[in-house]
Amino acid sequence: MLIVKIALPIPLNRTFDYCLAMNMPHPAIGARVKVPFGHRKAIGIVTSLSQSSAVSLEKLKNIEAILDDQSLFSDSLWQTLYWASQYYHYSIGEVLFHAIPLLLREGKQAKFEPVLHWVATEKGQTISIDALHKAPKQQKAMNQLLQGPIYHHEVNSLGFTQNTFQALQKKGLSLLCAQEIQSSDWRSKIKKMKGENRLQLNSEQIEAIKRIHHQNKQFVVWLLAGVTGSGKTEVYLRVLENLLIEGRQALVLVPEIGLTPQIVDRFRERFDVPIDVLHSGLNHKQRLSVWLKARSGEVAIVIGTRSALFTPFAQLGIIVIDEEHDGSYKQQEGWCYQARDLAVFRAKKENIPIVMGSATPALETLRNVELGKYQKLVLSQKAVQTQLVKQKFIDIKGLPLTSGLCQPLLKKMQQHLQANNQVMLFLNRRGYAPVLLCHECGWIAECLHCDHYYTLHQNSQKLRCHHCNRQSQLLSQCPRCDSTHLMPVGVGTEQLESTLLSLFPNVPITRIDRDTTRKKGVLEKYLSHIHEGGARILIGTQMLSKGHHFSDVTLVGLLDVDGALFSSDFRAAERFSQLYIQVAGRAGRAKKAGEIFLQTHHPEHPLLQTLLGKGYDAFAKEALEERKKALLPPYTYHIIIRSQDNDNEQAPIFLQRVRDIFESDSLKDTDLWVMGPVPALFSKRNGRFQWQLLLQHPSRKQLQQLVNRCNPLLLSLALNQKIRWSLDVDPTES
Ligand code: ADP
Ligand code: ZN
Ligand code: ZN
């Protein structure tokens, strides 16, 4: 009897045994099957075949159907996911299911489904476009059709309506087709860009490209450390060109596509090959289509965020990670993986190079360079000479502040706006004010479900909790003393905007934060508005700092520097430095000199002195020294165990027992450091109390072994106590 071991998308990190009926073919490892599970049917993934089972044969159920005739995963991806399940102590079934498109999880076929699209008929191909001048919409649609087929589902997003195409159909000019659009193989078409159109590379770029190229068929991790505007993207493009010519595909990971549409444009402009972008605007069908096309080799380049890492490829030649330091590569919920680390693992299994680019590399990455695991390539010069950026502190001790802005900065703004330049202000707090308080009795509006104040959102007349997203109506009276004197305390971007609107009544302002860009397409609209010069004052949270190139910005103001200097999070300094360098890179472009102002009560702070006086590398060096002395990552490794309860009792008791289990294990040595249980930074969220336990060890391997050993005990303990818990390996948030 053949036993098939199957992973199911449930939280238990184990597989389940099923029998295979005699008349069924052997399923491939990595193929989906349909099985009975409890009272329902489930879809699972075959992980291995075996001759025996620990369960008695009569109890085993039969597989009902085999859904794929081959594995959904390449060898290297399979190994990566298996390793990830172990390393992050997360259920193999959930990991495997996470890595495939939703439609496949639901059992849809892993095959191209015919997609409806409009094409130009033969008559349409030959018609003179002027003949349609009485119907401008049809003329425009026809023009577009002549450039290539248009997917039925994309008609609206391209600014057309189905009616227009139907009208063209009545005239015999267009036709709705169902066959797959035949794309000719890009491999036969790709050629090197002609010499005369090429940028003259500088010597550092040449060196970087040469070194990557010389080892482009083997696993090497490259850190491309280059200041903003030093031509890192140009290096990616050249490296990719060499690989595409050899018929190999590329995966490019970026932090957030909506924020950096330019990078996609640059790949599209450079290469006449199929490029697919995995962004949040895609529907599930489109996602499956990208997955299939990458797997068949039909698409040459896939650009996407974190989860694009799981895209299968026919012949992957390279992985590029842009802005490798960006926090968005770490998943913070559920399976808490670090895409950057997984990408390195995958590149190793694929035996291909991986290029990680940043102007402000993560300290972890720099440590790996120090250890000789990663190779560093440096671009120290701006590719295009720009004016120097003047950086200055404004000591705001004792100065009056208007919605967080001091007079000297306001004056500067006036000057820059008068010179017809753009001004950019950063404040990492959205909403109108972080606190609403009763002036008579001191009552503060608080979320009932979280240990957190409500943020006042004036425009929408709401109080909103930034932790659980609950909201309540804005009150006009204090619920405790009935006073109507409720006052906002502190400043958020919304307030900054409304104050600036009254201070600069004729200046158009654009605010970019999660509140203003919630609706699909709005961010893109705002960004192009800024590029066209429509907005003169830009206000934003750190969202605005990521990867923009606004050529008219000459003044940048950072309003709340002190918040970053005095944080309880040991990573705050690193994050602030990265933000600062990114932002400083935005001020002052080719022709215009830029200024950047930091409002602080502590201009003498050593971090600021190093960062502004000597730059990011010097900061990073000092920060690494400090981490080493303090025994913090990357010199030690962290695992956080989190648990939640409804009564604030069970969770700490559970974690205390967990602590005892670790401390009494024979693998425990004096290097293990356990902190907690302590309430989490936000100790209440969504009505549940949060506690955590931190494990720290200088050896990643020993820490992993210890957790592996103790895991079964934790599982049964949690089951007994009916407690929710989770484990975060290499956490980046505490
Ligand atoms: P980064 O990705 O490091 O921020 P980019 O690759 O975007 O830098 O380069 C910044 C600008 O400089 C772009 O407009 C790019 O076209 C241009 N550029 C890059 N390399 C060169 C070069 N060698 N000579 C001239 N311009 C260059
Ligand atoms: Zn009151
Ligand atoms: Zn809340």
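Residues numbered from 1 in each chain as written. Chains lettered and ligands numbered in written order. Predicted model: local features only at pLDDT ≥ 70, side-chain atom pairs only at ≥ 80, totals over all residues. Heavy atoms only, no water.

- The protein is annotated in an unreviewed UniProt entry as Replication restart protein PriA from Hamiltonella defensa subsp. Acyrthosiphon pisum.
- In its Subunit (unreviewed entry) section, the UniProt entry covering the protein states "Component of the replication restart primosome."
- Here the protein is described in UniProt, under the heading Function (unreviewed entry), as follows: "Initiates the restart of stalled replication forks, which reloads the replicative helicase on sites other than the origin of replication. Recognizes and binds to abandoned replication forks and remodels them to uncover a helicase loading site. Promotes assembly of the primosome at these replication forks." (UniProt positions renumbered as here; feature names shortened; annotations may be inferred.)

1. Looking at the overall build of the protein
Then comes step 1: The secondary structure content of the protein amounts to 22 helices and 32 strands.
Then comes step 2: What you see for the protein is a C-alpha radius of gyration of 28 Å, in line with the 27 Å of a compact globule of 734 residues.
Then comes step 3: Dimensions of the protein, computed from the C-alpha atoms along their principal axes, are close to 85 × 85 × 60 Å.
Then comes step 4: A burial count over the protein gives 53% of its 734 residues as buried.
Then comes step 5: Of the roughly 34,600 Å² of accessible surface on the protein, a fraction of 51% belongs to carbon and sulfur atoms. (Helix = DSSP H or I, 4+ residues; strand = E, 2+ residues; numbered from the N terminus. Rg over C-alpha atoms; globule rule 2.2 N^0.38 Å. Buried < 20%, exposed > 50% of the residue type's maximum accessible area, 1.4 Å probe, protein only. Areas by Shrake-Rupley, 256 points an atom, 1.4 Å probe, with all protein chains shown as cover.)

2. Side note on the coordination of the zinc ion (ligand 2)
Then comes step 1: Protein coordination at the zinc ion (ligand 2): the donors are C438 (SG), C441 (SG), C478 (SG) and C481 (SG), at 2.2 to 2.4 Å from the metal.
Then comes step 2: Of note is the zinc ion (ligand 2), whose four donor atoms meet at the metal with angles of 104 to 112° in an arrangement that counts as tetrahedral.
Then comes step 3: Here the donor residues of the zinc ion (ligand 2) are spaced in sequence according to C-x2-C-x36-C-x2-C. On the criterion of sequence distance, the pair formed by C438 in strand β20 (residues 435-438) and C478 in the loop between β23 (471-473) and β24 (486-489) is long-range, its members being 40 residues apart. As far as the burial class goes, C438 and C478 line up, both buried. (Donors = N, O, S within 2.8 Å, 3.2 Å for Na, K, Ca; no water. Tetrahedral: all angles 85-135°; square planar, octahedral: opposite > 155°, others 65-115°.)

3. Re the site of ligand 1
Then comes step 1: Close contacts around ligand 1 come from 16 residues, with Q200, Q205, G229, T233 and R266 the closest.
Then comes step 2: The contact in question runs from a nitrogen atom of ligand 1 to an N or O atom on the side chain of Q205, over 2.8 Å.
Then comes step 3: Here G229 contributes a backbone N or O atom positioned 2.8 Å from an oxygen atom of ligand 1.
Then comes step 4: Counting residues per element, the shell around ligand 1 draws most heavily on helix α9 (residues 232-245), at three residues.
Then comes step 5: Here the residues of the shell around ligand 1 sort into five nonpolar, eight polar and three charged. (Near = heavy atom within 4 Å. Polar contact = N/O pair within 3.5 Å; in protein donor to acceptor, adjacent residues only side chain to side chain. Nonpolar A, V, L, I, M, F, W, Y, C, P; charged D, E, K, R; others polar.)

4. Re the packing of helix α19 (residues 606-614) against helix α20 (residues 616-629)
Each pair of packed helices gets described by two things: the angle between the helix axes and the distance between those axes.
Then comes step 1: One can describe the packing of α19 onto α20 by two numbers: an axis separation of 7 Å at closest approach and a directional angle of 145°. Across from L607, T610, L611 and K614 in α19, the residues of α20 making contact are Y616, A618, F619 and E622.
Then comes step 2: Its residues placed into classes, the contact of α19 with α20 shows five nonpolar, one polar and two charged. (Axes fitted to C-alpha atoms, helices over the stretch in contact; angles between N-to-C directions. Contact = heavy atoms within 4.5 Å.)

5. Some points on the UniProt feature "binding site: Zn(2+) 1" (unreviewed entry) in the protein
Then comes step 1: Annotation from UniProt places "binding site: Zn(2+) 1" (unreviewed entry) at C438, C441, C478 and C481. These annotated residues cover 44 residues of sequence, and their C-alpha atoms all fall within 8.6 Å of one another, placing them together at a single site.
Then comes step 2: Here C441 shows up in the loop between β20 and β21 (455-457).
Then comes step 3: Overall, C441 belongs to the partly exposed group, its relative accessible area being 29%.
Then comes step 4: Not counting chain neighbours up to four residues away, the residues in contact with C441 comprise C478, R480 and C481.

6. Comments concerning the UniProt feature "binding site: Zn(2+) 2" (unreviewed entry) in the protein
Then comes step 1: When the UniProt feature table is mapped onto this chain numbering, "binding site: Zn(2+) 2" (unreviewed entry) sits at C447, C450, C465 and C468. The annotated residues occupy 22 residues of the chain but converge on a single region, no pair of C-alpha atoms lying more than 8.7 Å apart.
Then comes step 2: Inspection of the secondary structure puts C447 in the loop between β20 and β21.
Then comes step 3: With relative accessibility at 3%, the residue C447 sits in the buried group.
Then comes step 4: Ignoring anything within four residues of it in the chain, the contact list for C447 reads H452, Y454, C465 and C468.
Then comes step 5: Mapped onto the elements, C468 comes out in the loop between β22 (462-464) and β23.
Then comes step 6: For C468, a relative accessible area of 13% translates into the label buried.
Then comes step 7: When sequence neighbours within four positions are dropped, the list of residues in contact with C468 reads C447, C450 and N686.

7. Thoughts on the sheet that holds strand β16 (residues 389-395)
Then comes step 1: Taken in spatial order, the six strands make up an open sheet running β16-β28-β27-β19-β26-β25, and their pairing is parallel. Each edge of the open sheet is held by one strand with a lone partner, namely β16 and β25 (509-512). Ignoring strand direction, the axes of neighbouring strands in this sheet form an average angle of 15°.
Then comes step 2: Bridge analysis of strand β27 (residues 553-558) against strand β28 (residues 594-600) gives four bridges, and the strand direction is parallel. In the strand pairing of β28, L555 is matched with E595. (Pairing = 2+ DSSP bridges.)

8. Quick look at the domain arrangement of the protein
Then comes step 1: Each domain of the protein was delimited in the assignment, giving domain 1 (3-105), domain 2 (115-179), domain 3 (202-379), domain 4 (390-431 + 491-626), domain 5 (434-489) and domain 6 (637-729).
Then comes step 2: For domain 2 and domain 3, the distance between their C-alpha centroids amounts to 36 Å. (Domains from an automatic or database assignment.)

9. Comments concerning the pairing of strand β3 (residues 32-37)
Then comes step 1: The sheet contact formed by β3 and strand β4 (residues 40-50) spans six bridges and is antiparallel. Across the sheet, the residue bridging to V33 is G44, located in β4.
Then comes step 2: Where β3 folds back on β4, the antiparallel hairpin that results is connected by two residues, among which G38 adopts a positive phi of roughly 60°.
Then comes step 3: Here β3 pairs with strand β5 (residues 65-66) via two bridges, running antiparallel. Bridging across to β5, K34 finds its partner in A65.

10. Details of unusual backbone geometry
Then comes step 1: Backbone torsion omega between P633 and P634 reads 10°, so that peptide bond is classified as cis.
Then comes step 2: Relative to the assigned elements, P634 resides in the loop between α20 and β29 (637-645).
Then comes step 3: A cis geometry characterises the amide bond from G676 onward to P677, with omega recorded as 5°.
Then comes step 4: The topology assignment puts P677 in strand β30 (residues 673-685).
Then comes step 5: Positioned with a positive phi, E323 is a non-glycine residue whose angle comes to about 50°.
Then comes step 6: Considering the arrangement of structural elements, one finds E323 in the loop between β13 (316-322) and α12 (339-350).
Then comes step 7: You can call E323 buried: its relative accessible area is 15%.
Then comes step 8: With phi around 55°, N351 is a residue other than glycine that occupies positive phi space.
Then comes step 9: With respect to the element layout, N351 can be found in the loop between α12 and β14 (354-358).
Then comes step 10: Overall, the relative accessible area of 40% leaves N351 in the partly exposed class.

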